[in-house]
Amino acid sequence: MRRVLLIVTLAGLVALALPSAPSVAADDYTYGPDSMTQPDVPKGKVTQFAWKQSKVFEGTERDGWVYVPAQYDGKTPACVMVFQDGGNYVNEKGQFRVPTVFDNLIHKKQMPVTVGIFINPGTFPPADPKGERRSNRSFEYDTLSDQYASFLEKEMLPEVGKTVKLRSDAAGRAICGISSGGICAFTVAWERPDLFSKVLSHVGSFTNIRGGDVYPGLIRKTEKKPIRVFLQDGSGDLDNLHGSWPLANKQMAASLKHMDYDYKFVFGDGGHNGKHGGVILPDSLRWLWRDTPPAK
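Residues numbered from 1 in each chain as written. Predicted model: local features only at pLDDT ≥ 70, side-chain atom pairs only at ≥ 80, totals over all residues. Heavy atoms only, no water.

### A short note on the nonpolar core
The nonpolar side chains of soluble globular proteins are, as a tendency, buried together. Core analysis: the largest hydrophobic core is formed by 45 residues, its most contacted members being Ile-117, Tyr-148, Leu-152, Phe-186 and Phe-196. When near neighbours in sequence (up to four residues on either side) are disregarded, Phe-186 contacts Val-199, Phe-206, Tyr-215, Ile-219, Ile-227, Val-229 and Met-252. (Core = buried A, V, L, I, M, F, W, Y, C linked by side-chain atoms within 4.5 Å. Buried < 20%, exposed > 50% of the residue type's maximum accessible area, 1.4 Å probe, protein only. Contact = heavy atoms within 4.5 Å.)

### Considering the packing of helix α2 (residues 98-107) against helix α9 (residues 281-289)
In contact at an axis separation of 10 Å, α2 and α9 are set at 55 degrees when each is read in the N-to-C sense. It follows that α2 is oblique to α9 by the angle criterion. Crossing of α2 against α9: the hand is right-handed. Where α2 abuts α9, its residues Val-98, Val-101, Phe-102 and Leu-105 lie against Leu-281, Pro-282, Leu-285 and Arg-286. Looking at the contact of α2 with α9, its residues break down into seven nonpolar, no polar and one charged. (Axes fitted to C-alpha atoms, helices over the stretch in contact; angles between N-to-C directions. Helix = DSSP H or I, 4+ residues; strand = E, 2+ residues; numbered from the N terminus. Parallel < 35°, antiparallel > 145°, perpendicular 65-115°, else oblique. Left-handed = near helix turned anticlockwise from the far one by under 90°. Nonpolar A, V, L, I, M, F, W, Y, C, P; charged D, E, K, R; others polar.)

### Some thoughts on α9
A large share of α9 lies buried, amounting to seven of its nine residues. Among all positions in α9, only Leu-281, Pro-282, Ser-284, Leu-285, Trp-287, Leu-288 and Trp-289 are buried.

### Considering the side chain of Asp-27
With respect to the helices and strands, Asp-27 occurs in the loop between β2 (12-19) and β3 (45-51). Despite its burial, Asp-27 pairs with no opposite charge; the closest candidate is Lys-275, at 4.1 Å N-O. Ignoring any residue separated from it by four or fewer positions in sequence, one finds Asp-27 in contact with Asp-269, Gly-270, Gly-271, Asn-273 and Lys-275. (Lys, Arg positive; Asp, Glu negative; His and termini not counted. Salt bridge = Lys/Arg side-chain N within 4 Å of Asp/Glu carboxyl O.)

### Looking at the packing of aromatic side chains
One pass over the structure, following the stated rule, counts 16 aromatic pairs. Considering the side-chain rings of Phe-57 and Phe-139, the 6.4 Å spacing of their centres and the 85 degrees angle between planes classify their relative orientation as edge-to-face. In this pair, Phe-57 is assigned in the loop between β3 and β4 (62-68) and Phe-139 in helix α3 (residues 137-142), connecting sequence segments 82 residues apart. Directly above the ring of Phe-196 sits Arg-173, whose terminal nitrogen or CZ lies 5.9 Å from the centroid. Here Arg-228 stacks its cationic end above the ring of Trp-287, 5.8 Å away from the centre of that ring. (Phe/Tyr/Trp six-rings, centres within 6.5 Å; stacked < 30°, edge-to-face > 60°. Lys NZ or Arg CZ within 6 Å of the ring centre and 35° of its normal.)

### Observations regarding the pattern of salt bridges
If you walk through the whole model with that rule in mind, you get 15 salt bridges. Between Arg-192 and Asp-194 there is a salt bridge, with its nearest N and O atoms 2.8 Å apart. Here the salt bridges share partners, and the residues they tie into one network are Asp-34, Lys-108, Asp-283 and Arg-286.

### Examining the state of the cysteines
Under the counting rule described, the total for this entry stands at zero disulfides. With no disulfide of its own, Cys-79 lies closest to Cys-176 among cysteine sulfurs, the gap being 15 Å. Under the relative-accessibility criterion, Cys-79 is labelled buried at 3%. No disulfide involves Cys-176; its sulfur sits 11 Å from the nearest other cysteine sulfur, which is in Cys-184. Cys-176 gets classed as buried once you look at its relative accessible area, which sits at 0%. (Disulfide = S-S within 2.5 Å.)

Next comes the structure, spelled out in C-alpha cells:
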C-alpha cells in the first residue's frame, strides 16, 4: 500500500507515490504458556448441566458447566468463580480457555483451588415447536438490580453445592463476564458484596443499554464497598447509540481510583471481543486471587 501526495503546480495536479508509513496491527495478542495445555499438569473435570426450573427468572431455560480442579479433595470447601456467557469461557478452543488456565495456575499455586461455574443466559422456549427461542440475556445482564445475584444465591450456588463443597464467604468468590456479562459481574458484587468480593470484566458494557452508564457517578457518591475489580477494554471497542465503551470503562476506572478501590484497568487497542482479555486472563486471575485467605 502506498500513499499519494498531491502537489498543486501551475500546470495542474501532480501525483507522487510515496512509501506508506508502517502500521501497527491492532488486536494482535499472543497467548502465553499458561493458556496452553501442559503435559505435566493435572486436568480438572468439566461437567455440563441444564437448568429448566428457575423461579428467579421464571420460564427460562439455560445450559451450564461446572469445572472441578484435580486438586479438589472433596473435604475442603473450594473457592468459586462464576462466568456469565459460560459457553464462551469454558470452551477450551475459544478466546479464554478458562479450564486450561485454571489447571495451570492452580497447579503452580498461583491461585487457590477454585471451582468454575459457567452459566449461559436464559432463553424462553417457543410456544410453537418450530419457533425460535427468545433470549433473556440483556434483561438478566444489563438490568441494575439484585435479581441476578439472587439467581446465583438461591439457585446456581446451591445446585452446584449439592456435589461440590463451595466456600460461602465473599473472599472466596469471584465473578466474571464479557460485554453485558461484564457489567452483570460488577452489578452482582456491587449489590451483594457479602456474596462476591472479586470482579473481572472484559469489554464491560458500562453504557446506557439499561442505565449502566450511571455507575461511575454512583461509585463516587457511595460509601466504598469491599470489592476488588479488574477491568479490561480497548480503543477499538464499540461506540454506538448506547455510548462509548472505551470512554465508559475509562470513567469506571477513574471513579474506582477516586474512591481508592483495589482495582486494575488494562487498556489495549482491541475491539469488542475476548482476544485481549483471553490473552491476559492468567495475569488477571493471579492479580484477582492474590492474598486470598484460606477457608475458615
